[in-house]
Amino acid sequence: FVYTSYDAAPYATGLKNNFGGHDNHHHDNIYAYVPSCFQTDQDMASGQLSGHNDLYQNNTCIIRQEKSTPLVKDSYGQWNCDYDQERWPI
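Cut-offs and rules
Residues numbered from 1 in each chain as written. Predicted model: local features only at pLDDT ≥ 70, side-chain atom pairs only at ≥ 80, totals over all residues. Heavy atoms only, no water. Disulfide = S-S within 2.5 Å. Helix = DSSP H or I, 4+ residues; strand = E, 2+ residues; numbered from the N terminus. Buried < 20%, exposed > 50% of the residue type's maximum accessible area, 1.4 Å probe, protein only. Contact = heavy atoms within 4.5 Å. Pairing = 2+ DSSP bridges. Axes fitted to C-alpha atoms, helices over the stretch in contact; angles between N-to-C directions.

1. Examining the state of the cysteines
The term disulfide refers to a covalent linkage connecting the sulfur atoms of a pair of cysteines.
For step 1, the next point in the chain: Enumeration over the complete set of coordinates arrives at 1 disulfide.
For step 2, the next point in the chain: Paired by a disulfide, Cys37 and Cys61 hold their sulfur atoms 1.9 Å apart. On the sign convention where negative is left-handed, the bridge of Cys37 and Cys61, at about -95 degrees about the S-S bond, is left-handed. Taken together, the residues span a long stretch of sequence, with Cys37 in the loop between β5 (30–34) and β6 (38–40) and Cys61 in strand β8 (residues 60–63) at a distance of 24 residues.
For step 3, the next point in the chain: For Cys37, a relative accessible area of 0% translates into the label buried.

2. As for the side chain of His25
For step 1, the next point in the chain: With respect to the helices, strands and loops of the structure, His25 is situated in strand β4 (residues 24–27).
For step 2, the next point in the chain: Residues within four places of His25 in sequence aside, it is in contact with Phe1, Val2, Tyr3, Thr4, Asn53, Asp54 and Leu55.

3. Considering the pairing of β5
Looking along a regular strand, one sees side chains alternate from face to face of the sheet.
For step 1, the next point in the chain: Taken together, the 3 bridges between strand β2 (residues 8–10) and β5 define a ladder with parallel strand orientation. Residue Pro10 lies in a different strand from β5, and its bridge partner there is Ala32.
For step 2, the next point in the chain: Sheet topology places β5 next to β8; 4 bridges connect them, and they run parallel. Of the residues in β8, the one forming a bridge with Ile30 is Thr60.

4. Details of unusual backbone geometry
For step 1, the next point in the chain: Even without a glycine there, the phi angle at Asp28 is positive, about 60 degrees.
For step 2, the next point in the chain: With respect to the helices and strands, Asp28 occurs in the loop between β4 and β5.

5. Observations concerning the sheet that holds β2
For step 1, the next point in the chain: Pairing is parallel in the open sheet, where 3 strands are placed in the order β2-β5-β8. The open sheet has two edge strands, β2 and β8, and neither has a second partner. The average angle at which neighbouring strand axes cross in this sheet is 5 degrees, direction not considered.

Here you go:
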């Protein structure tokens, strides 16, 4: 498990995850001037493992106008909706 909570992260990216899920839990953080708030399964091919769900809850996210993340073009966040819902972030 990775818990990231009560942090301020300007110019970073919020929750990032690939390689099948890491039980990555982000809550009560401030992400300021970021290209996207969260990305899971970044390459859309490695898969999110069932039962190893990520959590993204109660975060404040201020998205910058220019985005530099090509995988998440003009969106708040990204996850692969083709997977069963049991693999989606919580």
